[in-house]
Every structure is written in C-alpha cells, then in structure tokens.
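Analysis of the macromolecular model
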Amino acid sequence: MALFSFFAGWIGYLFICLLGLIFIAFLCFCLYIKYIHLKYDHIPGPPRDSFIFGHSPTMLREMSSGRVVHDKFLEWAETYGPVYRINGLHFVVLCVTCPDTTKEVLMSPKYPKDSQVYKRLFNLFGQRFFGNGLITAQNHDEWYKQRRIMDPAFSSLYLRGQMGAFNERAEKLMDKLADMADNNTAANMQHMFNCVTLDVITKVTVTSCYPQIPTLPLHFIISESYIYLTFQNKKFINEVKKSCQLLRSTGRQWINERKMAVQNGEDVPKDILTQILKTAGKANDDEEIMLDNFVTFFIAGQETTANQLAFAVMELGRLPEILTKVKQEVDDVIGMKQEISFDDLGKMTYLSQVLKETLRLYPTAPGTSRFIPNDIVINGIPIPAGVSCLFNSYVCGRLDKFFEDPLKFDPERFHPDAAKPYYCYYPFALGPRSCLGQSFAQMEAKVVMAKLLQRFDFNLLPGQSFDILDTGTLRPKSGVVLDIGVFVFVPIPCC
Ligand code: HEM
C-alpha cells in the first residue's frame, strides 16, 4: 500500500511537471507569435480573428460556405492595397498585387518557391503526390536539372509534331458530341473537356503504344482546404487516395515498360515519358522522382486546360455577339477542313483573345508563392526577411486598377494592338518557374475550341445558373472550378 502511494505520488508529481512544461511551451509559442506580430504588423491587413489562429477562421468560413476564397483576397486587396498581410499561427503571408514587386520576385531565381506551400503537395492525404517533381521541387539546382531535360518535349518544334494527336483526340470528342446532338442529349461540357484533355495528355505522354489510363476522379483538393476536407468529406478523400494510387501504379508500369524497351535497344519515341526517364539519375529516390513527374504532368496537364475550355464555353454561351465573332473567324480560317494545322492556329487571333480573357477572369491555377529570404521594400513599405509572398492572378485579373470594368468578359483587352498588361496578368505564372506546358495547353485548347465552333451551335439550357459564386468550388492549385452544367448541341446542317 505504501509502495502504491509512493508511486501514485511520483506519477502525480510527474504529471504536474508535464503540465507545467506544456504550459511553458505554449507561453513561449505565444511570445513567438507576439514577436512575429510586432515584426510585421506595420504592413496593412485586415483585423485578425484571433491572436493564435490569425485570419484562418475567416478562410475556413469562406471555404465551408462554398464561396470562392479568392474573392475574400480580392476584397482585402481592394481595401488594403498592393501589399497586405494575413496571419495564421506564427506564419505571415503577404498578398502582393504590386506589378513592380511581381516582376522583381517572379522573374528572379533568387526567390525560391515557398516550402510551407509546396511541401504540402509532396503528399496528399498521406500518399506521395507531386513529391519532388517539377512543380514542387524547391532546390534550384535539382529543379533546373529536371527542367532542362523536360524542355525539349515542349519545344515549338516538338509540339508542331503533336498536332496530329491534338486533332485526333479532339475529333473523338466531336464524334461523341455529334452522337449526343443527334439524340438531342444535353452534354456536361466540363466532364467532356476533362475526358479530352486526359486523352490528349495520355496520348502525348506515351506516343507509341497508347494504353488507356483509367478515367479517374482527378478532383484533387489540396493546400488550404486540406484541414477543412480532413474533417468534412471522408468518402471524397478515399476516392482521391485511390485515384492517386492508381495514377502512380499506372505510371510505374508504363515507366518500367519503357525502361525495358530502352534496355533492349528498341527505338523509343522522344515523348514526355522518355524525357521523364531521363530525369532520374542513379540514386534510390530517382524512381520516385520519375513518378513524381509523371503525376505532375497528368495533373498539371489535364484539369487546368479542361476548366479553361469549360469557362470559355460558359462565357460564349452567355455572350452571343462574341460567339458569332469567334465562329466567323473559325469559319474563315478553317472552313470545312477536318485537320487543323499549326499555321491555322496562328491565324485564329480572336480565338486566342477569347482564351486569354477566359484565364483573366478564371485563372484555372490561380497563383503562385515565393519565399522572401532578404529584406525588401514593397510599394514603399519595408518588408523584413522571412515571409511568403502570394501572387494571386485571380485577384489581379479582377482589380479595376488593372482592368477597367473587370467583371466584363471582353476579349478586346487582348487585341494584338492593345497595351500589354504590366505584370498583372500571369495565368501561367512568370519567370523561370512559369508553366512548362503553356504552349501545349493553348494549342490543345485552340484545336478543341475551333472544332467545337466549326461543328456545333450551342445553347445554355434554360434555368441553369452559371454564376461562379453559386456553383463554384474552390480548387487551390488546379483552379476555380465550375460545374458548367449542360449544353444542347445542334449540328450545323452543312457539316
Ligand atoms: C490552361 C492550362 C494551364 C494553366 C493555366 C497552367 C498554369 C500553371 C501555373 C500557374 C504554374 C505555376 C505553378 C506554381 O508556381 O505553383 C504552372 C506550372 C507548370 N505547369 Fe502548367 N498550366 C496549364 C497547363 C499545363 C499543361 C498542359 C502542362 C503539361 C502538359 C503543364 C505543366 C506544368 C509544369 C511541368 C509546371 C511546373 C514548371 C516549373 O516549375 O518548371 N501545365 N502551370
């Protein structure tokens, strides 16, 4: 009994010590937060919801209410100006819309991608996802090595050679739509575009044998909504995990097959997959890096373009005058031709304007962020080193100081003779870490749109709401996505 009370006394004593230590650690953490506040509070910003959680409760509220969180960033940019601060725990993020700083930071390799943001994309719900692939690699030398190897698969010369693949896959979509139009069936265009872009990236990645990749629910919700989702939607998370596993195992199989072909001295095409093989050296982790890049290309190359197309169709459905003008251009350039050539793409300038304007209002990868390792000055405000800067193209695209009457969809803003936006329009990011697939994406989008406009008349079904705020779902990193709803396609009689 005496022994028992001796141990109970000690356990009680240890427990009190532990509580004391936790309390001291918490106090130190609070002091550190206070120090961070003192260091950065001279930068304007909205009032914090709480001392510890900063502005996170507002963000979570915006996400859980189904609103587009970028609209909150926009509202704050309008209120607090070209640089404002948001806090969460001991982190500070600066939201920057100042064009000179955008230029200075994004164009220079001096400012690395922010590890707080990008390391979250390494894994997704416990599964390796982007890993150390091209989008997420933070070490400049490692990234540069991969980028140099991948560049040839996106050169203008190589992409010209892919026109056949773009045409063939887009034609398959047109056949499906023609069947639907014949049967008077409405089409969910967001889904249709997701299928065609998945089809194209598969075909272009593995040009030789073209195995079918399973159609996956590639609706990855990442980054900021991570915490929110963890508590909210278990079924969805399981689906995402399964998709992620499937994508990686498919990648592993294709990579192994291609490796065998190379080892056997077979003639392999110089496609994306062959370039991915070259990103690996001899280290143990290199197999995983190849898979990281495989996943990167499938994710980066699919939903972004599909959503751009869906948003473009949505706006054209709303704006008959613009639709008529772009259809006229397509008729003039390609007429009844089935195979669209590389040169035809260059002639469809108004279609380019429509696609650019779509990305201004709906940048399907809405921003990028950089770590600031040294003191800088933004718009006259001294910024101490050690913060992240968020460059949000959704916000810049909708600020009226950059674009007059910003909510109006007006392709004339991108007329070849119009003044070029100065570091306030960057749907593909800017500088060395800008999108590798930009030309690929815009060629693909043009081929699909041109064929669509050539062959079909379309109407929005009555009663559909297309307001992004009503139906939009936030998809950080893969963009603001709208369930575009259904369209009725009626073939033009002469085609
Ligand atoms: C409309 C379509 C697209 C948009 C709006 C878009 C946008 C972007 C943006 C904003 C970034 C920078 C991401 C960041 O800083 O975190 C990026 C990077 C990247 N994108 Fe795209 N993208 C599109 C299509 C594609 C396609 C089709 C591919 C490939 C087939 C692709 C491959 C990549 C890669 C590899 C990177 C990383 C580049 C690097 O850091 O070296 N993208 N994209």
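Only a predicted model underlies this, so the values are computations on that prediction, with no experimental measurement involved. (Residues numbered from 1 in each chain as written. Predicted model: local features only at pLDDT ≥ 70, side-chain atom pairs only at ≥ 80, totals over all residues.)

1. Side note on the overall build of the protein
Of regular secondary structure, the protein possesses 20 helices and 13 strands. Burial analysis of the protein (495 residues in total) assigns 40% to the buried set. In the protein, once contacts between residues fewer than 6 apart in sequence are set aside, the share between residues at least 24 apart is 73%. (Helix = DSSP H or I, 4+ residues; strand = E, 2+ residues; numbered from the N terminus. Buried ≥ 20, exposed ≤ 12 C-beta atoms within 10 Å, placed from the backbone. Contact = placed C-beta atoms within 7 Å.)

2. Comments concerning the UniProt feature "transmembrane region" (unreviewed entry) in the protein
UniProt marks residues 6–33 with the feature "transmembrane region" (unreviewed entry), using the numbering shown here. As a span, residues 6–33 carries 100% helix and 0% strand, and end to end its C-alpha atoms are 41 Å apart. (UniProt positions renumbered as here; feature names shortened; annotations may be inferred.)

3. A short note on the site of the ligand
Close contacts around the ligand come from 24 residues, with Gly301, Thr304, Thr368, Cys435 and Gly437 the closest. Going through the elements one at a time, helix 13 (286–300), helix 14 (303–318) and helix 19 (438–455) are the ones with two or more residues in the shell around the ligand. (Near = placed C-beta within 6 Å.)

4. Remarks on the nonpolar core
Residues Leu309, Leu351, Val448, Met449 and Ala450 are the most contacted members of the largest nonpolar core, which totals 78 residues. Other than its neighbours up to four places away in sequence, methionine 449 contacts Leu309, Ala312 and Leu351. Membership of the second largest hydrophobic core comes to 32 residues, among which are Met63, Cys98, Ile372 and Ile378. (Core = buried A, V, L, I, M, F, W, Y, C linked by C-beta atoms within 7 Å.)

5. Re the UniProt feature "binding site: heme" (unreviewed entry) in the protein
Under the present numbering, the feature "binding site: heme" (unreviewed entry) in UniProt falls on Cys435. In this structure, cysteine 435 sits in the loop between helix 18 (393–397) and helix 19. Sequence-distant contacts of cysteine 435, that is, excluding residues within four places in its chain, are made with Phe428 and Ala429.

6. Here we look at the pairing of strand 9 (residues 387–392)
Across the six residues of strand 9, five count as buried, placing the element largely inside the fold. Across three bridges, the pairing between strand 2 (residues 91–96) and strand 9 is parallel. Note that in strand 9 the partner of cysteine 95 across the bridge is leucine 390. Of the strand pairs in this sheet, strand 6 (residues 367–372) and strand 9 are connected by six bridges, and their pairing is antiparallel. (Pairing = 2+ DSSP bridges.)

7. Observations regarding helix 6 (residues 140–150)
Within the sequence span of helix 6, burial applies to Trp143, Gln146 and Met150. What you see down the axis of helix 6 is that its buried residues fit within an arc of 70°, all on one side. Facing away from the buried side of helix 6 by more than 90 degrees, the exposed set consists of Asp141 and Arg148. The elements touched by buried residues of helix 6 are helix 12 (272–278) and helix 13. (Arc of directions from axis to C-beta.)

8. Details of the environment of lysine 72
Relative to the elements of secondary structure, lysine 72 occurs in helix 3 (residues 69–80). The exposure class of lysine 72 is partly exposed, given the 19 C-beta atoms found within 10 Å. Linking lysine 72 and methionine 59, residues 13 residues apart in sequence, is a C-alpha distance of 8.2 Å. Once residues within four sequence positions are removed from consideration, lysine 72 is found in contact with Thr58 and Glu62.

9. Brief notes about the packing of helix 14 against helix 17 (residues 349–361)
Put simply, helix 14 and helix 17 touch, their axes get as near as 9 Å, and they point 105° apart. One element, helix 14, and the other, helix 17, form an angle in the roughly perpendicular class. Residues Gln308, Phe311, Ala312 and Glu315 of helix 14 form the contact with helix 17, whose participating residues are Val354, Leu355, Thr358 and Leu359. The residue inventory of the contact of helix 14 with helix 17, partitioned by class, reads five nonpolar, two polar and one charged. (Axes fitted to C-alpha atoms, helices over the stretch in contact; angles between N-to-C directions. Parallel < 35°, antiparallel > 145°, perpendicular 65-115°, else oblique. Nonpolar A, V, L, I, M, F, W, Y, C, P; charged D, E, K, R; others polar.)

10. As for unusual backbone geometry
A positive phi is found at asparagine 379, a non-glycine position, where the angle reads about 50°. Here asparagine 379 shows up in the loop between strand 7 (376–378) and strand 8 (381–383). Given 13 C-beta atoms within a 10 Å radius, asparagine 379 is considered partly exposed. Here the phi dihedral of aspartate 405 falls at roughly 45°; this positive angle occurs in a residue that is not glycine. Here aspartate 405 shows up in the loop between helix 18 and helix 19. Among the residues examined, aspartate 405 registers 8 C-beta atoms within 10 Å and is labelled exposed.

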